[in-house]
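# Fold and geometry: a report
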Amino acid sequence: MMTFLYTARARFDKESEPDHSPWTKYIQWSRLYQLTELVSMDTCLNEVLVEPDRDNDDDWKEFVFNGYAETGCFKTLEYVLAKTDTNKRFNLLTVVIQPESDCSLIQLDNYDFLGYDLMDDYYDTSALSNCSGFDETFLPSELNNYGLISDYEKACSISDRLYENNPGEDHADTNIVAIWRHRTIGW
C-alpha cells in the first residue's frame, strides 16, 4: 500500500527569478538544458514553503520522518494548505516515498504525475538535480523537462547504480520519491 504525502515547494524556473540570472547559471552548471521548470524535493532549489509551529505538539504530528530525517513532507493536504502562504506561486505536490511499483498510471484528481526524484538520506539534496559528477551512472540529458526521471524501472536502476558507483558519497545513497503536481493550486 502506498502512502500519499503532501508538501508545498517554491517554484524554480525562469519566471521565478526577476533577472533570470540564477536560472541561467543553474542551467549552465547542471547541464539540464531541457528544463522548463525544476520540480524537485531538493530543499535548496525548491524550498519547503510549509511553515509549521515547531512549538506546537499538534504540528509535530503532521511531520513525516524517515528514521531521524525530516522529509519535508506532511501527512495531510489540509495541513499543508493551512501552513503555506497561498498568495504566491508555488508547487503543491503529492508524493510517495519509496514506491514499490510504477506510479505513472496512478491518477490523482487535479494532479499530474511528473516523475521520480532521487533524494539523499537527509532529504535535503536531489542526486538528480543538485549533484554534479554522477555521469558514470546517468547523464543530465536522461532527465525530463522537470529534472526528474519519467520511468520507474530507470529510477530504481539509477538509484542502485548511484550507490554502487559512489559508496562513500552521502548524496548517492538515495530514496526514490514519486511526484505529482496540482494543476491549479499554487499557479
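In case you missed it, the structure is sitting above this.
I will try to describe carefully the structure that is included in this document. Numbering of residues starts from 1 in each chain and follows the order in which that chain's sequence is written. Per-residue local features are limited, in this predicted model, to residues with pLDDT of at least 70; the limit for side-chain atom pairs, both in listing and counting, is 80 or more; totals at the level of whole chains, interfaces and linings are taken over all residues. By convention in this description, side-chain values take in all heavy atoms of the structure and omit both hydrogens and water.

### As for the pairing of strand 4 (residues 91-97)
What counts, and what does not: Per-residue accessibility, obtained with a 1.4 Å probe over protein chains only, is compared with the maximum for each type, and a residue is labelled buried under 20%, exposed over 50%, and partly exposed between these values. The way it works is that DSSP assigns letters per residue, a run of H or I at least four long becomes a helix, a run of E at least two long becomes a strand, and they are numbered from the N terminus. Should DSSP find at least two bridges between two strands, the strands are taken to pair.
The buried count for strand 4 comes to seven of seven residues, which makes it a mostly enclosed element. Both faces of strand 4 are covered, namely the face carrying Asn91, Leu93, Val95 and Ile97 and the face carrying Leu92, Thr94 and Val96. Pairing analysis gives five bridges linking strand 1 (residues 5-9) to strand 4, with the strands arranged antiparallel. Counterpart to Tyr6 in the pairing with strand 4 is Thr94. Sheet analysis places strand 4 next to strand 6 (residues 174-182), joined by five bridges and oriented antiparallel. Its bridge partner being in strand 6, Thr94 is matched across the sheet by Trp180.

### Concerning the packing of aromatic side chains
Our working rule: Two rings from Phe, Tyr or Trp (for Trp, the six-membered ring) form a pair when their centres are within 6.5 Å of each other. A pair whose planes differ by under 30 degrees is stacked, one over 60 is edge-to-face, and the rest are tilted. Comment: the charge-over-ring label is applied if NZ (Lys) or CZ (Arg) is within 6 Å of the ring centre and within 35 degrees of the ring normal.
Scanning the model with the defined rule gives 13 aromatic pairs in all. Seen in terms of ring centroids, Phe12 and Tyr26 are 5.4 Å apart; in terms of plane orientation they differ by 65 degrees. Their pairing is edge-to-face. Of this pair, Phe12 sits in the loop between strand 1 and helix 1 (21-30) while Tyr26 sits in helix 1, and the two are 14 residues apart along the sequence. There is no split in this pair, since Phe12 and Tyr26 are both buried. Consider the rings of Trp60 and Phe65, whose centres lie 6.2 Å apart with planes at 5 degrees: the pair is stacked. Judged by relative accessible area, Trp60 falls into the partly exposed class, the value being 34%. Through pairs of rings, three or more aromatic residues link up here, namely Phe4, Phe113, Tyr116, Tyr152 and Trp180. The ring centre of Trp187 lies 4.2 Å from the NZ or CZ of Arg11, which sits over that ring.

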